[in-house]
Amino acid sequence: MFMQRSLNDVNSKRKAPTIQDAQEVTRLLVKAFPSVDAVLLCGSVARGDADEWSDMDLVVAGSDPNVTPEQLRQAVSERGEHVSVIYYPTPLFRKLYDERALFIAHLKREGIALYDPLDMLKTVLRQPFVPAVNVAAEIKAHRTKLTPYADPRRFNNNFLFCLSHLYSIGKGVVMLGLAKRGVMEFNREAAFRRFTSLNPDLTKEVEKVAQLRPFYRLVTDRQPEPLPFSYQSADRQMLEAVAAIEALAERAENL
Amino acid sequence: MTLPVAPELFDVLSQYARDIQQGKVRSTPALGATSPALTFCENFYAQFFQNRLGQPIEHINLESKKTAVRLRLEIKEKNGPVVVIHLITWYENLCDIYPSVLALGYGIGTKAVSSIFTTII
C-alpha cells in the first residue's frame, strides 16, 4: 500500500513524548501566539502511558478567533513531536461544558493545565459533572452516526475507513455507557474491560468493536498491528460491527 | 467492472444534507472524525484512488498528500483528464485540513476551519 512507511524508519525518528516536552511546546506556543489564554494537556501523555507512537494532545484556548490549529502546530513543528491541537476561541470554551459532557469529563479526569493565567481551566474544570442529559444525547448522536453504514454497496468493497470509524463510534458508545453509570474511563482498553465486566452478556459485542482497533491504528498512522481480516470485501464484518454497536448503544442508553 | 466510486456513496451526503435541512444535525459538534460528511470524503477518495488511479490510500496526511501531488503531476504531464487533476487537488486540500476537521469532533472548533470544510463538501 502506497502510504505505508518502513516501521524501522519511523521507530528511529520517534520517542515517547513527556509532560516536560509538553511544557516546552506550551512555552513555544505562548511565545508565538500571545493571544493564547490557556493550554491543557490530555490523552496518553497526561495519563503517563504514552509510547513513541503517541500524539501530544493539547487543548488550547485563545482570544483570537482566527487562529487555526494548523498555525499552532506549525509554530512547534520544528521540535518534531506529533502534536495534536484542538483550538477554541476563549469565549466558546465554556460552552463546551454544555455541548460535550464526555469531553469535559475527560479533561477533568486526566487534563493537566500547562498554562492558565486567567484561571479559566481551573474554573471550568471545577464545575461538577452532571451526566444525565448530555450523555444520553451523545449516545443518541453516536447511533445516528451509524446511518451511513446501513448499505455496504456504498463502499465499493473497500471498508478500511468504515472499520476505523466504527471503532471510534463503538469506543465512544462504551465510554458514554460507563459515564452514564458514573464511571469515567478514557483509556480505550480499560474502558472495554470495564464495560464487559459490568455487562458480561455483551462480551461478544465489545470484542467485535475492540477487534477493529488495527484498522483505526492504520488509518490514524499509529503503531501498525496485524489486521484481523482484510478490509477489502469486509461487508459482513462491517454489518456485524454495526449490529454490535447498536446493541451496546441500546444498553448504554438504558443504564 | 468496478466503478471508480459507488453511486450509493452519494446517498450518505444526500441524507446528511437532508438531516441538516430538517434540523436533525447540530452544526459543528456533528462534524469531526465520525461525521457522515467525513465518511463521504474519506470513502470517496479511498475508492477513487484505488479504482481510478490504481493506488490505494490508507491515510489522509501529509505523506499521502506528497504521493497525491506526484500522481497529479504525472497525470498532468500526460495531458490526463482535468477532472481527475481537480479531484486530486481537492484531496491535497483535505490532507491539509484533516487534523482540524478531526478536532471539530471535540467541540466547537473555529469559524475558519468550519468554512473550509463546508467549502470542500
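All values derive from a computational prediction rather than experimental measurement.

Secondary structure summary: chain B contains five helices and zero strands in total. Secondary structure elements of chain B occur, N-terminal to C-terminal, as α-α-α-α-α. Here chain B holds 121 residues, and the buried ones make up 52% of them. When contacts within chain B are restricted to residue pairs at least 6 apart in sequence, those whose partners lie at least 24 apart make up 65%. As displayed, chain B offers around 5700 Å² of accessible surface, 58% of which is attributable to carbon and sulfur atoms.

Residue and element names in this part refer to chain B. Mean pLDDT over chain B: 80, with 75% of residues reaching 70 or higher. A low-confidence stretch, residues 106-121 (pLDDT under 50), is modelled with 45 contacts involving residues beyond four sequence positions or located in other chains. What the predictor reports for the complex is a pTM of 0.77 with an ipTM of 0.82.

Moving on: the pattern of salt bridges. For the coordinates displayed, the defined rule picks out 18 salt bridges over all chains. For the salt bridge of B:E92 with B:R72, the shortest nitrogen-to-oxygen distance reads 2.6 Å. On the criterion of sequence distance, the pair formed by B:E92 in helix 4 (residues 82-104) and B:R72 in helix 3 (residues 62-77) is long-range, its members being 20 residues apart. Comparing B:E92 with B:R72 shows no difference in burial state: the two are buried. Within the structure, one salt-bridge network assembled from shared partners comprises A:R143, A:E246, A:E250 and A:E253.

Residues and elements named next belong to chain A. One open sheet accounts for four strands, arranged 3-2-1-4; its pairing is mixed. The open sheet has two edge strands with one neighbour each: strand 3 (83-89) and strand 4 (112-115). Averaged over all adjacent pairs, the angle separating strand axes in this sheet is 25°, with direction ignored. For strand 2 (residues 56-62) and strand 3, the ladder comprises seven bridges, and the chain directions are parallel. Across the sheet, A61 pairs through a bridge with Y88, a residue of strand 3. Against the sheet, helix 4 (residues 69-76) touches strand 1 (36-42), strand 2 and strand 3, its axis set at about 135° to strand 3.

On to the packing of aromatic side chains. Residue and element names in this part refer to chain B. This model, assessed by the stated rule, comprises 15 aromatic pairs over all chains. Between F44 and Y45, the ring centres sit 5.2 Å apart and the planes meet at 80°, which makes this aromatic pair edge-to-face. Comparing F44 with Y45, the two get one shared label, buried. One aromatic cluster in this structure is built from F10, F40, F44, Y45, F48, F49 and Y91.

This part takes up helix 10 (residues 160-180) of chain A. All names here are of chain A. Along its 21 residues, helix 10 runs 30 Å from first to last C-alpha, staying within 8% of the 30 Å computed at 1.5 Å per residue. Here helix 10 lies mainly inside the structure; 20 of its 21 residues are buried. Where helix 10 terminates, the next one or two residues include G182, which has phi positive at roughly 85°.

The next point concerns the side chain of A:S44. All names here are of chain A. Positionally, S44 belongs in helix 3 (residues 44-47). A relative accessible area of 12% places S44 in the buried class. In contact with S44, other than residues within four places in its own chain, are D49, A50, S54, D55 and D57.

This part is about helix 4 of chain A. Among the residues of helix 4 of chain A, A:P69, A:L72, A:R73 and A:V76 are the ones counted as buried. On an axial view of helix 4 of chain A, the arc spanned by its buried residues comes to 95°, and they lie on one face.

On to the environment of A:A136. Residue and element names in this part refer to chain A. Within the secondary structure, A136 sits in helix 9 (residues 132-144). A relative accessible area of 30% places A136 in the partly exposed class. Along the chain, A136 and L176 lie 40 residues apart, while their C-alpha atoms are 8.1 Å from each other.

Parameters at a glance
- Residues numbered from 1 in each chain as written.
- Chains lettered and ligands numbered in written order.
- Predicted model: local features only at pLDDT ≥ 70, side-chain atom pairs only at ≥ 80, totals over all residues.
- Heavy atoms only, no water.
- Helix = DSSP H or I, 4+ residues; strand = E, 2+ residues; numbered from the N terminus.
- Buried < 20%, exposed > 50% of the residue type's maximum accessible area, 1.4 Å probe, protein only.
- Contact = heavy atoms within 4.5 Å.
- Areas by Shrake-Rupley, 256 points an atom, 1.4 Å probe, with all protein chains shown as cover.
- pLDDT = per-residue confidence, 0-100.
- Salt bridge = Lys/Arg side-chain N within 4 Å of Asp/Glu carboxyl O.
- Pairing = 2+ DSSP bridges.
- Axes fitted to C-alpha atoms, helices over the stretch in contact; angles between N-to-C directions.
- Phe/Tyr/Trp six-rings, centres within 6.5 Å; stacked < 30°, edge-to-face > 60°.
- Expected span 1.5 Å × (residues − 1).
- Arc of directions from axis to C-beta.

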